[in-house]
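Summary of the model geometry
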Amino acid sequence: MTQNTQEKVLALFKECDALLQGHFKLTSGKHSEWYFEKIRLIRKPDVLDRIVDLLVGKIEAAGADFDTVVSPAYGAIAIGFLAALKLGKTFAFSQRVDGKMSFRSGFSGLDGSRAIIVEDILTTGGSIQEVLECLKEKQVAVAGIHVLVDRTAGSVLIEGKPVGSLLALKVEAFEPEVCPFCKAGLPLTKPGASDKK
Ligand SMILES: [Zn+2]
């Protein structure tokens, strides 16, 4: 992915406030310069449309043959759906039922097909791994895995391979005692606090 595309994606993420830059207290208690408010990706459909255009360009460039775009619920549904629409493919989403990733029975046409997985943000790769296992059970061949943002900047491997992303951003988190932003006297924000009143 070119530097140019990374910059475009970064600008679009900022445009819909899905990526905030500052000094944030994460739920882990650590401090970070970056905060993803990923639900905001779907709040401005016109911005998401432009982000997905870039993703589709990348998927097309990969040249894989597939029938269906699959995304894990819920954040990635709008992204995978839009990508499927633009690519002229079918779409399905997986969801956890009693803790196990699965597909609704209405998606039974998936069995034996070829699919790509589209996810919003790669943090640990856990959800993607669960989707992969679920697809394997259905004899679905996975022809590619694409994420908008790789927060690990390529350090998480899925089935031994790095995942393709539009934006690779290594998000460092610091213990408060060693936080450079605290040292610089920047005010600390606790994101999401206003949602929990
Ligand atoms: Zn700090």
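Check the entry above for the structure.
Before going into details, it helps to say that this report is about the structure given with it.

Pairing within the open sheet is antiparallel, and its three strands lie in the order β1-β2-β11. If you trace the sheet from one side to the other, it starts and ends with β1 (19-25) and β11 (173-174), each paired once. Here five bridges tie β1 to strand β2 (residues 31-36), and the two strands are oriented antiparallel to one another. For Lys25, the partnering residue across the bridge sits in β2 and is His31.

Now for the nonpolar core. For soluble globular proteins, the rule of thumb is that nonpolar side chains tend to be buried together. If you look at the biggest cluster of nonpolar residues, it comprises 35 residues, and the most contacted ones within it are Phe13, Phe36, Leu41, Ile51, Val69, Ile79 and Leu148. Of all elements in the fold, only α1 (3-15), β2, α2 (45-62), α3 (77-87), β4 (90-97), β6 (114-122), β7 (141-150) and β10 (164-168) reach the threshold of two or more residues within this core. Among the elements that take part in this core, α2 stands out by supplying seven residues, more than any other. Setting aside chain neighbours within four positions, we find Ile79 in contact with Leu41, Leu48, Val52, Leu55, Val118, Asp120 and Leu148. Leu122, Ile128, Cys134 and Leu135 belong to the second-largest nonpolar core, a separate cluster that totals 19 residues.

His23 (NE2), His31 (ND1), Cys179 (SG) and Cys182 (SG) make up the full set of protein donors to the zinc ion, lying at 2.0 to 2.4 Å. Around the zinc ion sit four donor atoms, and with donor-metal-donor angles ranging over 93 to 120 degrees the site reads as tetrahedral. Each donor residue of the zinc ion lies on the same chain, and together they follow the pattern H-x7-H-x147-C-x2-C. Under the relative-accessibility criterion, His23 is labelled buried at 3%.

Our next topic: α1. Taking 1.5 Å per residue, 13 residues should reach 18 Å; α1 reaches 18 Å between its end C-alpha atoms and fits that length. Residues Thr5, Gln6, Val9, Leu12 and Phe13 constitute the buried set of α1. Angular distribution of buried residues about the axis of α1 spans 130 degrees; they occupy a single face of the element. Considering only its buried residues, α1 is in contact with β1, β2, α2, β7 and β10. Two residues or fewer after α1 comes Asp17, characterised by a positive phi angle close to 60 degrees.

Turning to the sheet that holds β6, a few remarks are in order. Pairing in this open sheet of six strands is mixed, and the strands run β5-β4-β3-β6-β7-β10 from one edge to the other. What marks the edges here is a single partner per strand, and that holds for β5 (100-103) and β10. Strand-to-strand twist of the sheet, defined as the mean angle between neighbouring strand axes without regard to direction, takes the value 20 degrees. On top of the sheet, α1 reaches β7 and β10; it is set at about 65 degrees to β10, its chief contact. Strands in contact with helix α4 (residues 126-137) are β3 (68-72), β4, β5, β6 and β7; relative to β5, the strand with the most contacts, it is inclined by about 50 degrees.

In the structure shown here, the tally under the stated rule is eight salt bridges. For Lys138, the salt bridge is made with Asp111, and the minimal N-O distance between the two is 3.7 Å. On the criterion of sequence distance, the pair formed by Lys138 in the loop between α4 and β7 and Asp111 in the loop between β5 and β6 is long-range, its members being 27 residues apart. Shared partners join several salt bridges into a network, and the residues in it are Asp49, Asp53 and Lys86.

For the rest of this paragraph, the subject is the environment of Gly185. Summarising the element assignment, Gly185 is placed in the segment after α5 (180-183). In this structure Gly185 comes out as exposed when scored by relative accessible area, which is 57%. Sequence spacing of Gly185 and His23 is 162 residues, and the spatial spacing of their C-alpha atoms is 9.9 Å.

Glancing now at the packing of α1 against α2. When two helices pack together, their arrangement is given by the angle between their axes and by how far apart the axes lie. Across the interface, α1 lies against α2 with an axial gap of 10 Å and an inter-helix angle of 160 degrees. As the angle between them shows, α1 and α2 are arranged roughly antiparallel. Taken as a pair, α1 and α2 cross one another with a handedness that is left-handed. Where α1 approaches α2, its residues Thr5, Lys8, Val9, Leu12, Phe13 and Glu15 are matched on the opposing element by Val47, Arg50, Ile51 and Leu54. Residue composition of the contact of α1 with α2, grouped by class: six nonpolar, one polar and three charged.

The rules behind the values
- Residues numbered from 1 in each chain as written.
- Predicted model: local features only at pLDDT ≥ 70, side-chain atom pairs only at ≥ 80, totals over all residues.
- Heavy atoms only, no water.
- Pairing = 2+ DSSP bridges.
- Helix = DSSP H or I, 4+ residues; strand = E, 2+ residues; numbered from the N terminus.
- Core = buried A, V, L, I, M, F, W, Y, C linked by side-chain atoms within 4.5 Å.
- Buried < 20%, exposed > 50% of the residue type's maximum accessible area, 1.4 Å probe, protein only.
- Contact = heavy atoms within 4.5 Å.
- Donors = N, O, S within 2.8 Å, 3.2 Å for Na, K, Ca; no water.
- Tetrahedral: all angles 85-135°; square planar, octahedral: opposite > 155°, others 65-115°.
- Expected span 1.5 Å × (residues − 1).
- Arc of directions from axis to C-beta.
- Axes fitted to C-alpha atoms, helices over the stretch in contact; angles between N-to-C directions.
- Salt bridge = Lys/Arg side-chain N within 4 Å of Asp/Glu carboxyl O.
- Parallel < 35°, antiparallel > 145°, perpendicular 65-115°, else oblique.
- Left-handed = near helix turned anticlockwise from the far one by under 90°.
- Nonpolar A, V, L, I, M, F, W, Y, C, P; charged D, E, K, R; others polar.

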